[in-house]
Structure formats: structure tokens, C-alpha cells
Amino acid sequence: MRNGLRRLGLALVSVLGAAATATATAQEPDKFRFPPPELGPDYRQPETAFPAVRELLPPLADAAVLALALGLAAFLVHRHRRRSALLALTIAGVAWFGWLREGCICPVGSLQNVAQATADPNAPILVATILFFVLPLAAALFTGRTFCSGVCPLGAIQELVLLRPLRLPHWLAAGLSVLPVVYLLLAVLFAATGAGYLICRYDPFVGLFRLSATTNMLVVGGSLLVIAVFVGRPYCRFLCPYSVLLDWASRLSTRTVTISPVGCATCRLCEDRCPYDAILVPNAAAVAKSRLRGRTALVLLLAATPLLVAGMAWAGTHLGPWLASAHPRVALAEQVEAEQQGRARETTDASDVFRASGEKIEALLADAEDRRGTMALGSGIAGACLGLWLGLRLVGLGLRRTRRDYTADPATCLACGRCYEWCPVELERRRTGRAPEVRG
Amino acid sequence: MTVSRREFLRASGRGAACVGLGAAGTALALGRGAVAGELVWQIDPGKCVACGNCETHCVLQPSAVKWGHTHAMCGRCAFCFGYYDLRAGSAAHAGVEYQLCPTHAIERSYLGGPYFEYVIDEGACIGCGLCVKGCTSSGNGSLFLQVRHPRRGQRGAADGTCVNCNECAIARSCPSGAFVRVPADDPYPFGRQRGGGA
């Protein structure tokens, strides 16, 4: 009722004041509905200031700090090899990249800027953002996932709350590890088509770094942190889209985490200690037994991969038009169409603005149809990628590679350094500086 | 020196990845959209319809959007459409219950004659835009919404100023596309053109 009255009043006054335009500027005082008064020489108009933005660091210096942090992480993981130092880096990572920098821009989010700028050359992208995307991947190509160890604030905050690690059943962990790939493909698809930045929208911890967020963000971030007390780094392992790229880069890396560079006593203390299921266990006996069966499975899986790719691509193409509704322009077209056909109960701000703009409805609908087509094509490609990834993953499971020692899996090891402190060979090496006799 | 097949494949993959990353990064950095400096979010008052999303959609609570005022455009009306609810009729001295601003962030002082001056209490402003809507639709349009950025000695979230999200949550919900990115060394270009501060 109150709003209705106010609207009615506003409408009346608007009609009365229609001769004047609201867009008059200070230079044309006669155009004002209510001309500014002459207030005499003693009147001092309030000062208006345009203060510069205070930046914590200029963007390129910001990227330089990231490069330094990556270098330090690599040194601590591969040379210094102490859990305590890595823990200190983790705390510093949360403090600087999280709390002080307040999150944006981060390498995880930057992949969307890169995707959008690749698809649309006119989309603005900061040089610093490109560096934020490239630097951790370049580091992973030569030092493994050292970025994850304590530089990334999202990983670091979860690392710090992991107090009672539980081991997830293997099938569950393997199943959940598909999520980051799906998330990555969706995020790239949305960013490239201009439908928005999903990763930023659902960033769980940025609100905690800023100590200010909407209730939803705090609830999601808080619950994920509670899970992280028991399950090691749930976001990194089962959601983080950037982790997919780091995983690939780390597989190709020259150096990856070695539990002890001088040998393995096959005591499996490291496996017990690793909260991320990132230790590959010796399998010589099992491989010898199942080699023949494995080969048959491999052939079947290789044959199934093209089917998987085709099926997923088909599903993606059909999902596309539905996904396209997330694009603001397509959503507007749907709203305007619904209004035209009398299906919409009331107009939205966006549709009011559209009608006031004088743009043709046909043009909007054609634009939306165009975007639906692009989204269908994009999600078809994304589906094919997911199919290919699944196929390769299954083939990878079929491949039997003989391992005699406990080793850190380059793809999933987050370089936290826990195993360094539990490996008796490593502790002996640290004490004496020599390799102990581990095999008689 | 012998290189195993696995090692060879890994080295080739690594080389390809290095070349790919380097080429993609360089192409983007030299591309049309590349920006060497920093960009910040700002509202184009010419497009803003004061819908109220700024108050409700900002990741900060309260919002980093505040009102700006071009004093040179202000009619200094006794009955200000940005200050009073229309239910107050035309009573120039209506009670506090008729004020539009939900947080009483507008400070009004008497200038003499039928004129008053209106100044923002930035700490109290929540960026709802009710005053902007009133002033734009019925008055001179001297009020406008602006994203407030941290000044020297301020921190983004701690001082309720813009934290420059990669994807601005208000921009996403803005019905009129009024949110744009502007160079950080000139963060209030629209306010500067109009001569009103933020």
C-alpha cells in the first residue's frame, strides 16, 4: 500500500515535471526543474573529492609476490624439506593472499578471465591476471604442485583446520574426483560465452578472508571448513577447477615430491600419515598376477573411449540451451517473451529498462537464439572433453605400472610435507646426512 | 645416456605445455583487451535506474555502493524528493517518519530562505538508492550512486569499501548494465564529469 501510494505520487510528479529533463548538467542551469538558488558570496559549496584508489600493491608487484612465494614454496618442498617451514608458509599464505589481499584476483578465478579473453578478444584482461594464471602452472611443470602446499589461500585455510583426518573409502574419493573436471568445464564454458564467472560466484572462503559476506557464502564456506577438519582439503581435492590443470602440469613435472630422496624402507608410515590419499603403494606382486586380465580390460576401455566421447558430446549439446538461461541476455529474452505471451505475473527491472531503451524485441530474441546455439556448441565440446577425460582416466586405471616403493603421486600430492616427518629413512638422512642401509 | 620411453613422453609433454602456456600468455598480453594497470568497478549514472540491487547484492554487508552528490546541480529544495517520502505531501518540515532514507544517512542543514543543503553521512549510507530514485525521477537528478573505493589508510572490506571482486555480484544483477570497469587511477570518472564527489 505504502509503495503503491509512493509510486502513484512519483508518477504524478514525473508527469508534472516532464518538461524538465533529469539529465540536465551543471552547465545548463535553466534546464533544471528546480534551478539552484543564488546563495551569495558567503556560501561555500561542499567540497567534492575524487580520492585515488588505495591499492595494497600495484598489480604487477602483486604478481611478483606470487612468483616469489612460488619460488619459496619450491625451495621448502624440494630442498629444505621440513613440515614446520611449510606450515609457516601456509599461515603466511592465508595471511597475505587471503586476509590482506582479500582474495581477488586469484589463480583459480583467473582461469575464467583467460577463457573469456580467449573467446572474446575485446574482453579486458589485466596483464597481472594472465601472470596469476600462468605462474602456478609454470611452477607445477618444474616443481610439482608446490602452489597448493601453502601459497593458495583456499588450500592453506583448509590445511590449517585439518585436525582429525579420516580416510575416505577409495571408491568415494575416486568418484568425487570427477567433480573438479565438470566444474572446470562448466566454468570455462560460462566464462567463454559471457554467462558469468561460476568459480567466483561459489568461492567458499573469500567471505571468510574478508570477514564480510552474504549469509549463503558464510554457510557454505563454514560447512566446508567443518568438513575440512575431518576430510583433508575437500575443496582442493573434490572441487577446485584449477587443480585439474595443476594435476596435468604436475604429472609432466621434472621434480615432484620425493618422500625420501635416498630410498624407501617400505614401512608404510607415510601412507598412514598422508591425509590426502596421495601415496602410491608398492604393487609388484599384484601387477604380476593381473597383467593378462589388465591387458584385456585395456583393449576394451580403449574401444569404449570414443563411445564415451560421442555420448557425452550428445548430452552436452542437449544441455546447452538449458544452460544458456544463465546468460543475462538470454534470461532477459525469456522474461520479455513471457511478458508478451502474458505468462509473466509482473515485469522485472531489466525488462522495464529494455522496453524503455527502444530496442526491438525481435532483435533481442534473435540474439538470445544465437547465444543458445553458441552455448549448445560449447557444451557439446565440453561434454566431449569430459568423455575423453573419463576414458583416459579409465585407461589409466587399466594400466598396471610396477612400483616397488611408496611414492608420492605427482598428480594428487599437495606437498604438505607430512610424510617427510614420518619417513624413518628421511629422518636418518636428515640426522646423519647419509643414506641409511634400507635393503640388506 | 638412455632415456626411458616414459621420460621421453613426459619431457615432450612438458615442452609442449611450456610453449603452449607461453604462447597463450603472450598472445593475451599483446591482445586488444590487455590492460597493463588495474581496473575497478564503477556505476555509470547515465544508465543507473536505482533499482536497489546495489544494497542487496554486494558481497559486503553493508554494500560498498554509496550515494554521490553534484552540489552544483542541487536545487536545495525545502521539499527534497531525495529526502522526503511523497506521503509527506509538500510539507517542507515533515517529521522524521517521512524521510526516505532508511538509515537517516542524509544530513540536512538550513541555508536561509526556502533552501537546505543535503550532505551524505557515508558511514550510515547502505546504497539502497531510494534518494537517487526520488531525485532522478522528480528532482534535478543531482544524486547518483557510486562504488566507493578504499582511500589511503583504508582497507577494502574492513572499511566497507569495494574489494574489487573479479566478478562483481552487483554488476551481475544490474538490470541496466550500468556497472563498468574503469582504470584505477581515475576511479570516479562519471562523478568527476558531473562535478559531484563520491
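About the criteria used
Along each chain, the written sequence defines residue order, and numbers are assigned to residues from 1. Think of it this way: whatever chain is written first is A, whatever ligand is written first is 1, and the rest follow in order. Confidence filtering applies because this is a predicted model: local features only for residues at pLDDT of at least 70, side-chain atom pairs given and counted only at 80 or more, and all residues used for totals across whole chains, interfaces and linings. Hydrogens and water are ignored here; the side-chain numbers use all heavy atoms of the structure. Axes here refer to lines fitted to C-alpha atoms; in helices the fit is confined to the stretch in contact. Angles between the N-to-C directions go from 0 to 180 degrees. Helix and strand labels come from DSSP, where a helix needs a run of H or I of at least four residues and a strand needs a run of E of at least two; each type is numbered from the N terminus. Comment on the angle field: the value is read as roughly parallel under 35 degrees, roughly antiparallel over 145, roughly perpendicular from 65 to 115, and oblique elsewhere. In this scheme the crossing of two helices becomes right-handed for a clockwise turn of the near helix relative to the far one and left-handed for an anticlockwise turn of less than a right angle. Contact between two residues is taken to exist if any of their heavy atoms lie within 4.5 Å; hydrogens are not considered. Put simply, Ala, Val, Leu, Ile, Met, Phe, Trp, Tyr, Cys and Pro go in the nonpolar bin, Asp, Glu, Lys and Arg in the charged bin, and everything else, Gly too, in the polar bin. Pairs were defined over the aromatic rings of Phe, Tyr and Trp, the Trp ring being its six-membered one, requiring ring centres within 6.5 Å. Orientation was assigned from the angle between planes: stacked under 30 degrees, edge-to-face over 60, tilted for the rest. Buried means the residue's accessible area, taken with a 1.4 Å probe over protein chains only, is under 20% of the maximum for its type, while exposed means over 50%, and partly exposed covers the values in between. When the NZ atom of lysine or the CZ atom of arginine is within 6 Å of a ring's centre and also within 35 degrees of its normal, the charge is said to sit over that ring. By convention here, the domain bounds are inherited from an automatic or database domain assignment. By definition, the buried area sums, over both parts, the 1.4 Å-probe accessible area that each loses when the two are put together. Salt bridge criterion: a side-chain nitrogen from Lys or Arg within 4 Å of a carboxyl oxygen from Asp or Glu. Each polar contact in these results corresponds to two N or O atoms within 3.5 Å; when the atoms are within protein, one needs to be able to donate a hydrogen and the other to accept it, and residues that are neighboring in sequence are counted only if both atoms are side-chain atoms. The score called pLDDT rates the predictor's confidence residue by residue, from a low of 0 to a high of 100. Think of it this way: DSSP has to see at least two bridges between two strands before they count as a pair.

**Looking at the packing of helix α17 (residues 328-340) of chain A against helix α19 (residues 361-398) of chain A**
All names here are of chain A. Two numbers describe how α17 lies on α19: the axes approach to 9 Å, and their chain directions differ by 130 degrees. Between α17 and α19, the crossing angle belongs to the class labelled oblique. Once α17 is placed against α19, the crossing between them reads as left-handed. Residues Arg329, Val330, Leu332, Ala333, Glu334, Val336, Glu337 and Gln340 of α17 touch α19, and the partners they reach there are Ile361, Leu364, Leu365, Asp367, Ala368, Arg371 and Arg372. In terms of residue class, the contact of α17 with α19 is built from 8 nonpolar, 1 polar and 6 charged.

**What to know about the packing of aromatic side chains**
What the rule picks out here adds up to 9 aromatic pairs over all chains. Measuring from ring centre to ring centre gives 5.0 Å for Tyr83 of chain B and Tyr84 of chain B, while their planes differ by 75 degrees; the resulting arrangement is edge-to-face. Assessed through its relative accessible area of 8%, Tyr83 of chain B is described here as buried. Overall, the relative accessible area of 4% leaves Tyr84 of chain B in the buried class. For the ring pair Tyr110 of chain B and Phe116 of chain B, a centre distance of 5.2 Å and an interplane angle of 55 degrees mean the geometry is tilted. Take Phe116 of chain B: its relative accessible area is 7%, and that puts it in the buried class. Following the ring pairs from residue to residue traces out a cluster consisting of Phe34 of chain A together with Phe79, Phe81, Tyr83, Tyr84 and Tyr118 of chain B. The ring of Phe116 of chain B carries the charged tip of Arg108 of chain B above its face, separated from the ring centre by 3.7 Å.

**With respect to the domain arrangement of chain A**
Residue and element names in this part refer to chain A. What the domain assignment lists for chain A is domain 1 (59-258) and domain 2 (287-398). Put simply, the middle of domain 1 and the middle of domain 2, counted by C-alpha atoms, are 25 Å apart. Residue-level contacts link 12 residues of domain 1 with 15 residues of domain 2. Summed over both partners, the interface of domain 1 with domain 2 buries about 1,100 Å², with 79% contributed by carbon and sulfur atoms. Interface area lost by domain 1 to domain 2 is led by Leu185, Leu189 and Thr193, which between them contribute 41%. Remark: the boundary between domain 1 and domain 2 carries 0 salt bridges. Connecting domain 1 to domain 2 are 3 residue pairs in polar contact (both at pLDDT 80 or more). A per-element tally of the side of domain 1 that touches domain 2 places helix α9 (residues 179-192) first, with 6 residues. When the residues that make up the side of domain 1 that touches domain 2 are grouped by side-chain class, the tally is 9 nonpolar, 3 polar and no charged.

**Looking at the domain arrangement of chain B**
By domain assignment, chain B separates into domain 1 (1-34) and domain 2 (35-194). Measuring from the centre of the C-alpha atoms in domain 1 of chain B to the corresponding centre in domain 2 of chain B gives 49 Å.

**What about the packing of helix α2 (residues 59-80) of chain A against helix α3 (residues 83-100) of chain A?**
All names here are of chain A. With their axes 10 Å apart at the nearest point, α2 and α3 run at an angle of 165 degrees to one another. Taken together, the axes of α2 and α3 lie roughly antiparallel to each other. For α2 against α3, the interelement crossing comes out left-handed. In this structure, α2 contributes Asp62, Val65, Leu66, Ala69, Leu72, Ala73, Leu76, Val77 and His80 to the contact, and α3 contributes Ala85, Leu86, Leu89, Trp96 and Phe97. Tallied by class, residues from the contact of α2 with α3 come to 12 nonpolar, 1 polar and 1 charged.

**Considerations on the confidence of the model for chain A**
Low pLDDT marks regions whose predicted coordinates should not be analysed in detail. Mean pLDDT for chain A: 87, with 91% of residues reaching 70 or above. Under a pLDDT of 50 for its full length, residues 1-27 of chain A has, in the predicted model, 31 contacts with residues more than four places off or in other chains.

**Some points on the pattern of salt bridges**
By the definition in use, this model includes 24 salt bridges over all chains. In this structure, Arg201 of chain A engages Glu167 of chain B in a salt bridge whose closest nitrogen and oxygen atoms are separated by 3.3 Å. With one member in each of two chains, Arg201 of chain A in helix α10 (residues 198-201) and Glu167 of chain B in the loop between β6 (143-147) and α4 (169-173) form a pair that bridges those chains. Judged by relative accessible area, Glu167 of chain B falls into the buried class, the value being 14%. Between Arg372 of chain A and Glu334 of chain A there is a salt bridge, and its shortest N-O distance comes to 3.6 Å. In this pair, Arg372 of chain A sits in helix α19 while Glu334 of chain A sits in helix α17, placing the two residues 38 residues apart along the sequence. We classify Glu334 of chain A as partly exposed; its relative accessible area is 30%.

**Things to note about the environment of Cys125 of chain B**
Here Cys125 of chain B lies in the loop between β5 (115-120) and α3 (130-138). Measuring from C-alpha to C-alpha, the distance between Cys125 of chain B and Ile106 of chain B comes to 8.1 Å, with 19 residues separating the pair along the chain.

**Quick notes on unusual backbone geometry**
Cis geometry is found at the peptide bond from Cys104 of chain A to Ile105 of chain A, where omega equals -5 degrees. Structurally, Ile105 of chain A can be placed in the loop between α3 and α4 (107-119). Of note, the amide linkage connecting Gln61 of chain B to Pro62 of chain B takes the cis form, showing an omega dihedral of 0 degrees. Note that Pro62 of chain B resides in the loop between α2 (53-57) and β3 (65-69). Unlike most non-glycine residues, Asp277 of chain A shows phi in positive territory, near 55 degrees. When you line up the elements, Asp277 of chain A lands in the loop between α15 (269-273) and β2 (279-280). Residue classification places Asp277 of chain A among the partly exposed residues on the basis of a relative accessible area of 32%. For Asn164 of chain B, which is not glycine, the phi dihedral falls at a positive 55 degrees.

**Thoughts on the interface of chain A and chain B**
Quite often, the size of an interface is put as the accessible area lost when its parts meet. Listed as interface residues are 72 residues of chain A and, on the opposing side, 76 residues of chain B. Summing both partners gives a buried area of about 6,300 Å² for chain A against chain B, and 62% of it is carried by carbon and sulfur. Counting across the interface, chain A meets chain B through 1 salt bridge. Our count for the contact surface shared by chain A and chain B stands at 23 residue pairs in polar contact (both at pLDDT 80 or more). Looking at the side of chain A that touches chain B, the elements with two or more residues in it are α1 (2-16), α3, α4, β1 (125-126), α5 (127-143), α10 and α18 (349-357) of chain A. Tallying contributions element by element places α5 of chain A first for the side of chain A that touches chain B, with 8 residues. Direction of pairing for β1 of chain A relative to strand β1 (residues 34-35) of chain B: parallel, over a ladder of 2 bridges. Bridging across to β1 of chain B, Ile125 of chain A finds its partner in Ala34 of chain B.

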